[in-house]
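# Commentary on secondary and tertiary structure
So the chains spell out like this:
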Amino acid sequence: MLAPSATSRAVDGGLVVSGRWGFASGSLHSQWAALAIPVVDASGQQTDQGVALVPMKKLRIEDTWYVVGMRGTGSNTLVADKVFVPAHRILSITQGLQGVYPTERKGEALYRSALVPVSSLALAGPQVGLAQAGMDAVTDSLAKDKGISYTFYERASEAPSTHIQLAEAAQLIDTAKLHLLRAADDIDTWAAAGENMPFETRARVRMDTGYVARRSREALDLLLSIQGAGSFAEANPLQRIWRDQETASRHAIVNQAIAGELYGRALLGIEEQVTPFI
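No experiment lies behind these values; they were computed from the predicted model shown. (Residues numbered from 1 in each chain as written. Predicted model: local features only at pLDDT ≥ 70, side-chain atom pairs only at ≥ 80, totals over all residues. Heavy atoms only, no water.)

## What about the packing of helix 2 (residues 115–142) against helix 4 (residues 199–227)?
Following both chains from N to C, one finds helix 2 and helix 4 inclined at 15 degrees, their axes separated by 9 Å at the closest point. On the basis of the axis angle, helix 2 is roughly parallel to helix 4. Remark: the crossing between helix 2 and helix 4 carries left-handed chirality. (Axes fitted to C-alpha atoms, helices over the stretch in contact; angles between N-to-C directions. Helix = DSSP H or I, 4+ residues; strand = E, 2+ residues; numbered from the N terminus. Parallel < 35°, antiparallel > 145°, perpendicular 65-115°, else oblique. Left-handed = near helix turned anticlockwise from the far one by under 90°.)

Printed below as a string of structure tokens:
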């Protein structure tokens, strides 16, 4: 949760934090929360932006997660009221964006991975998984001799239209996977080398994240068309997959239009960006 929505007060050994953080996925089963906070000095002047690691027992959960999709994430609102956070549990976002992390595990490549590319790519993997789950559900249905209503096709698997749509959906899923794997490989390669990922590559990973979501969503759309209106019956798993996909692919860091804008700027060497999270 990198968007700051809190106040901080400097005290001996750390900060006292109060605030509210929405969309806290995993709030119902997590033991710790990573919360964006302003880092301030003794005078109250903000000196940095940080992420505080706070035990869930110090926080209150407001039951606010009532949504069409992703219901199982429990992304409620977390509330802190004057919670003390020691300095060693506060990560500098500014330094993290530059690839500088305070860790004792200097030899572990994982701990040198680029902050935003890892955070954004973690949201892209489930997109492909949802599309693949849709593919599995539809091919299983086709194997059961499902027909096409209002046509002479007693088996949808015999229709050329089914073949074309299914092949295109599979190709879109493969395209999403290839972009996902390329981005993951870039993250691992630069981390293993002990070097911070170049700005343009980080921007491209943001673009890849949005592209993965878009192609996965397009694949699922085709699969729903093959399956027909029955896809949206509550007993059909496709409707849940569809709801989760439509919701998850609209996450702010997955927004392809914004990703395209920042990647295009990076390609043209424009230093002024639309977000610091690259």
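This is not the end of the story, as more comes after the structure.
## Thoughts on the packing of helix 3 (residues 160–193) against helix 4
Two quantities define a packed helix pair, namely the angle between the axes and the distance from one axis to the other. Helix 4 packs onto helix 3 with a crossing angle of 160 degrees between their chain directions and a minimal axis gap of 8 Å. With respect to helix 4, the axis of helix 3 lies roughly antiparallel. Crossing hand, helix 3 versus helix 4: left-handed. Each residue belonging to the contact of helix 3 with helix 4 can be placed in one class, and the counts come to 15 nonpolar, 7 polar and 7 charged. (Nonpolar A, V, L, I, M, F, W, Y, C, P; charged D, E, K, R; others polar.)

## Examining the sheet that holds strand 3 (residues 32–40)
As summarised here, the arrangement of the 3 strands in space is 3-4-7, forming an open sheet in which the pairing is antiparallel. One side of each edge strand has no neighbouring strand; the edge strands of this open sheet are strand 3 and strand 7 (90–92). Pairwise comparison of adjacent strand axes, ignoring direction, gives a mean angle of 30 degrees for this sheet. (Pairing = 2+ DSSP bridges.)

## Remarks on the pattern of salt bridges
Throughout the structure, instances matching the rule amount to 12 salt bridges. A salt bridge links Asp140 to Lys144, with the nearest nitrogen and oxygen atoms 3.3 Å apart. Classification of Asp140 by relative accessible area gives partly exposed; the value is 41%. Residue class for Lys144 comes out exposed when judged on its relative accessible area of 62%. Asp208 is the partner of Arg204 in a salt bridge, and the nearest nitrogen-oxygen pair spans 3.4 Å. Separated by 4 residues within a single helix, Arg204 and Asp208 lie in helix 4, roughly one turn from each other. (Salt bridge = Lys/Arg side-chain N within 4 Å of Asp/Glu carboxyl O. Buried < 20%, exposed > 50% of the residue type's maximum accessible area, 1.4 Å probe, protein only.)

## Structural notes on the packing of aromatic side chains
Applying the stated criterion across every chain yields a total of 2 aromatic pairs. Where Phe23 meets Trp65, the ring centres are 6.1 Å apart and the plane angle is 85 degrees; that geometry is what we call edge-to-face. Of this pair, Phe23 sits in strand 2 (residues 14–24) while Trp65 is found in the loop between strand 5 (60–62) and strand 6 (76–86), placing the two residues 42 residues apart along the sequence. Centre to centre, the rings of Phe232 and Trp242 are 5.0 Å apart; their planes meet at 85 degrees, and the pair counts as edge-to-face. One end of the pair, Phe232, is in the loop between helix 4 and helix 5 (237–248); the other, Trp242, is in helix 5, and 10 residues separate them in sequence. You can call Phe232 partly exposed: its relative accessible area is 41%. Accessibility expressed as a relative area gives 31% for Trp242, which makes it partly exposed. (Phe/Tyr/Trp six-rings, centres within 6.5 Å; stacked < 30°, edge-to-face > 60°.)

## Some words on helix 3
The end-to-end C-alpha distance of helix 3, which contains 34 residues, comes to 49 Å, matching closely the 50 Å that a straight helix rising 1.5 Å per residue would cover. The secondary structure elements touched by the buried residues of helix 3 are helix 2 and helix 4. Taken from the residues just after helix 3, Gly194 is the one with a positive phi, measuring 75 degrees. (Expected span 1.5 Å × (residues − 1). Contact = heavy atoms within 4.5 Å.)

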